[in-house]
Amino acid sequence: MSSDPSLDLGDGSGQESLSGVTNFLQDGGDAGKVLSASIIGLIVSPVVAVIDVVNAVANFFAQPFNNAGDAIGSLLTGLFEAPGNLLTAGADISETALRSALGETLAGTLAFPITVGIVMFALYMVVRYLREDETGDVLPGLPIDVPTDIFGVEEEDTIDE
């Protein structure tokens, strides 16, 4: 007999709980502690179950918003980080090509202005696209228009007309 027995319920299954209680009582444990712990467990377990249900419902309704946040983060990463990586790779390739063609010193001096020029050209292309100039429907940017009224389809007026 040990002087201070401990109650080990194992994984909480019925058989291990009963054998743990039996071992506790055989080692000189107090039956009043087991009984009071069982009563407290019966009182507390419905409260814990309700808390788990509320938590599950909250997670159910919050999960789409969490996933939407992750999707927006991935979208922003794709929109901003990928072009930046592309510009970095292009600048590295340009620098390597300039070093092989012009030599170390001249290529090192031209690498930064060329990279700035590439970035400015890319920003200019984005600004030109966002200006929403009137264009035709054959190829973007060309003022050539194919008449669609022969097919019975009329083009809709845009907001600024």
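Remember, predicted model here, so these are calculated numbers, not experimental data.

### Some remarks on the overall build of the protein chain
Helices and strands together make up the secondary structure of the protein chain, namely 3 helices and 0 strands. Starting at the N terminus and ending at the C terminus, the protein chain contains elements arranged as α-α-α. Per-residue burial over the protein chain gives 7% buried out of 161 residues. Within the protein chain, counting contacts between residues at least 6 apart in sequence, those at least 24 apart form 22% of the total. Put simply, the protein chain shows about 13,100 Å² of open surface, and 66% of that area lies on carbon and sulfur atoms.

### Some details on helix α1 (residues 14–26)
Relative to the 18 Å expected for 13 residues at 1.5 Å per residue, α1 spans 18 Å between its end C-alpha atoms, a close match to the ideal helical length. Listed as buried for α1 are Ser 17, Gly 20 and Phe 24. Burial along α1 is one-sided: seen end-on, the buried residues are contained in an arc of 65°. Of the exposed residues in α1, those oriented more than 90 degrees away from the buried face are Gln 15, Leu 18 and Gln 26. Here the buried face of α1 lies against α2 (31–102). Positive backbone phi, at 95°, marks Gly 28, one or two positions downstream of α1.

### Considerations on the packing of aromatic side chains
Counting across every chain of the model gives 1 aromatic pair. Judged by centre distance (5.2 Å) and plane angle (80°), the ring pair of Phe 60 and Phe 61 falls under edge-to-face. Residue Phe 60 is classed as exposed on the basis of its relative accessible area of 59%. Given a relative accessible area of 53%, Phe 61 falls into the exposed group.

### Re a nonpolar patch on the surface
A contiguous nonpolar patch, built from Leu 35, Ile 39, Ile 40, Ile 43, Val 44 and Val 48 and spanning about 560 Å² of accessible area, is present on the exposed surface. Here Leu 35 shows up in helix α2.

### Things to note about the confidence of the model for the protein chain
Low pLDDT marks regions whose predicted coordinates should not be analysed in detail. Per-residue pLDDT for the protein chain has a mean of 77; in total, 75% of the residues score no lower than 70. By mean pLDDT, the top-scoring element of the protein chain is α2 (84), and the lowest-scoring one is helix α3 (residues 104–130) (77).

Basis of the calculations
- Residues numbered from 1 in each chain as written.
- Predicted model: local features only at pLDDT ≥ 70, side-chain atom pairs only at ≥ 80, totals over all residues.
- Heavy atoms only, no water.
- Helix = DSSP H or I, 4+ residues; strand = E, 2+ residues; numbered from the N terminus.
- Buried < 20%, exposed > 50% of the residue type's maximum accessible area, 1.4 Å probe, protein only.
- Contact = heavy atoms within 4.5 Å.
- Areas by Shrake-Rupley, 256 points an atom, 1.4 Å probe, with all protein chains shown as cover.
- Expected span 1.5 Å × (residues − 1).
- Arc of directions from axis to C-beta.
- Phe/Tyr/Trp six-rings, centres within 6.5 Å; stacked < 30°, edge-to-face > 60°.
- Patch = residues over 30% accessible without salt bridge, like charges linked within 9 Å, V, L, I, M, F, W, Y side chains within 5 Å.
- Salt bridge = Lys/Arg side-chain N within 4 Å of Asp/Glu carboxyl O.
- pLDDT = per-residue confidence, 0-100.

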